[in-house]
Amino acid sequence: MEFTAKQIAEFIQGKVEGDENATINTFAKIEEGKKGAISFLSNPKYTHFLYETESSIVLVNNDLVLEQPVKTTLIRVENAYECVAKLLQLYQQMQPGRTGIDAKASIAESAKIGKGCYIGPFVVIEDGVEIGDGTQIYPNCVVCKGTKIGSKCLLYPNVTIYHDCRLGNNVTIHAGSVIGADGFGFAPNENGYDKIPQIGIVTIEDDVEIGANTCVDRSTMGSTVIHKGVKLDNLVQIAHNVEVGENTVMSAQVGLAGSTKVGKWCMFGGQAGAAGHITIADKTFVGAQCGVISNTKGNGESLIGSPHTDPKEYFRAFAVYKKLPDMYRQMAQMQREIEQLKSKLSE
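Computed from a prediction, not measured in an experiment: that's the story for all the values here.

**Student:** What is the right way to read the overall build of the chain from this model?
**Tutor:** The helix and strand inventory of the chain stands at four helices and 39 strands. Scaling as 2.2 N^0.38, a compact globule of 347 residues should have a C-alpha radius of gyration of about 20 Å, whereas the chain reaches 27 Å, well beyond that. In terms of overall dimensions, the chain has C-alpha extents of about 100 × 70 × 35 Å along its principal axes. Buried positions account for 40% of the 347 residues belonging to the chain. Here the analysis covers contacts within the chain between residues at least 6 apart in sequence; of these, 16% occur between residues at least 24 apart. Carbon and sulfur atoms provide 52% of the accessible area of the chain, an area that totals close to 19600 Å².

**Student:** How should I be thinking about the pairing of strand β23 (residues 192-195) in this particular structure?
**Tutor:** Successive side chains on a regular strand alternate, one facing one side of the sheet and the next facing the other. The sheet contact formed by strand β22 (residues 186-189) and β23 spans four bridges and is antiparallel. Note that in β23 the partner of alanine 187 across the bridge is aspartate 194. Connecting the antiparallel pair β22 and β23 is a turn made up of two residues.

**Student:** What exactly am I supposed to notice about helix α2 (residues 80-94) here?
**Tutor:** In an α-helix there are 3.6 residues to a turn, and that puts residues three or four apart on one side. If you check α2, its first and last C-alpha atoms are 21 Å apart, about what 15 residues at 1.5 Å a residue would give, namely 21 Å. Residues of α2 that are buried: Ala80, Cys83, Val84 and Leu87. End-on view of α2: buried residues confined to an arc of 95°, all on one side of the axis. Residues of α2 that are exposed and angled more than 90 degrees away from the buried face: Tyr81, Gln92 and Gln93. Looking at the buried positions of α2, the neighbouring elements they touch are α1 (5-12), β4 (26-27), β5 (37-41), β6 (57-61) and β7 (73-77). At the N-terminal end of α2, a side-chain oxygen is found 3.1 Å from the backbone nitrogen of tyrosine 81, two or three residues along, and the residue is asparagine 79.

**Student:** Looking at this structure, how should I read α1?
**Tutor:** When we look at burial in α1, the residues that qualify are Ala5, Ile8, Ala9 and Ile12. For α1, the arc enclosing every buried residue in end-on projection is 100°, short of the 170-degree limit, so these residues lie on one face. Looking one or two places after α1, you find glutamine 13, whose phi comes out positive at around 60°.

**Student:** Help me understand the layout of surface pockets in this model?
**Tutor:** The method is simple in principle: a probe with the dimensions of a water molecule rolls over the atoms, and the space it marks as empty is what remains. Reported here for the largest pocket is a volume of approximately 810 Å³. Every residue lining the largest pocket is counted, 23 residues in all, and those nearest its centre are Gln92, Gln136, Leu154, Asn170 and Thr172. Per-class residue counts for the lining of the largest pocket are six nonpolar, twelve polar and five charged. Approximately 320 Å³ is the volume attributed to the second largest pocket. Forming the walls of the second largest pocket are Tyr81, Ala85, Leu88, Gln89, Glu209, Lys231 and Leu232. Only α2 and β28 (231-232) provide two or more residues apiece to the lining of the second largest pocket.

**Student:** Would you mind going over a nonpolar patch on the surface with me for this structure?
**Tutor:** A surface patch of nonpolar side chains, about 670 Å² in accessible area, is lined by Tyr314, Phe315, Phe318, Val320, Tyr321, Leu324 and Met327. Put simply, the parts of the chain that give the nonpolar patch at least two residues each are α3 (311-322) and α4 (324-346). The leading source of residues in the nonpolar patch is α3, at five residues. Structurally, the position occupied by phenylalanine 318 is in helix α3. Among the residues examined, phenylalanine 318 registers a relative accessible area of 35% and is labelled partly exposed.

Quick notes on the rules
- Residues numbered from 1 in each chain as written.
- Predicted model: local features only at pLDDT ≥ 70, side-chain atom pairs only at ≥ 80, totals over all residues.
- Heavy atoms only, no water.
- Helix = DSSP H or I, 4+ residues; strand = E, 2+ residues; numbered from the N terminus.
- Rg over C-alpha atoms; globule rule 2.2 N^0.38 Å.
- Buried < 20%, exposed > 50% of the residue type's maximum accessible area, 1.4 Å probe, protein only.
- Contact = heavy atoms within 4.5 Å.
- Areas by Shrake-Rupley, 256 points an atom, 1.4 Å probe, with all protein chains shown as cover.
- Pairing = 2+ DSSP bridges.
- Expected span 1.5 Å × (residues − 1).
- Arc of directions from axis to C-beta.
- Polar contact = N/O pair within 3.5 Å; in protein donor to acceptor, adjacent residues only side chain to side chain.
- 1 Å grid on protein atoms, 1.4 Å probe; cavity = no way out; pocket = protein on both sides within 12 Å on 5 of 7 lines; lining within 4 Å.
- Points joined across faces, edges and corners; volume = space filled by probe spheres on them.
- Nonpolar A, V, L, I, M, F, W, Y, C, P; charged D, E, K, R; others polar.
- Patch = residues over 30% accessible without salt bridge, like charges linked within 9 Å, V, L, I, M, F, W, Y side chains within 5 Å.
- Salt bridge = Lys/Arg side-chain N within 4 Å of Asp/Glu carboxyl O.

Here it is, written out as structure tokens:
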């Protein structure tokens, strides 16, 4: 399907500079542009590609100042990155979804499958499972007994959903992820460890996306909760009884210990972690590899380092840390001089 610059500008509320009848039918990075493609420019490092790209249309920010003529048609918008995201979402929505139940799927008689669903080969759906309309479950997924999945969800290959979990609408879970495995609960005894049964569930609300090979553990009692709009990257670990607030995002390899409560609109950099039984306030930014060990203050607080600290304090301390070898040599020299003075005074 083709779209003109004029149609695109109307959709994203942009302004056309050039041929409003220029057409596109695909996307391309600005440095790999080709005729019939739309690209975008938001990072100044890529500005030089604007003057040589072959893309038919390029989205740019309103404040871009051209240093020379361009041969492509421009659409100026407030935020090019956000606008290309909207166009990509529209493109994805226009792709026809898969439907039908493969003969190789194993579906319990008591399971309820909604209208327009896709169930791929070697999928296992156990007793009492309910799946909403338009949900797609790709090959080798397992949905254990009593689980309820909403409408328009997407489970990529090899996803496992343990028993009795709850998924809302428009939930996407990427390949290899496990939802509802036992939380890590063991009580030490004189001979080893007694396993603490994990009898709770996992609740995932609407519009959540979970990356590949991520694990969300079931609670000891009650529910581990991933609230609406949360986005988890690949290889994230969410322990038992954790609660993740609305629209929080976590990069790869983040780990949250048991019973951590995370607020709304928080951001976690890669490999960040949080100790158990703490509360992380709304809109907290946790930097990469940061270790949060106690409750946070909130109000848009930023944290880095392990244990966590304010970035200004961290960098002041790090500036001193880099000087420690020189300081050590100076102190050693001063110690030698003091010993020499003591020796002379004693004579």
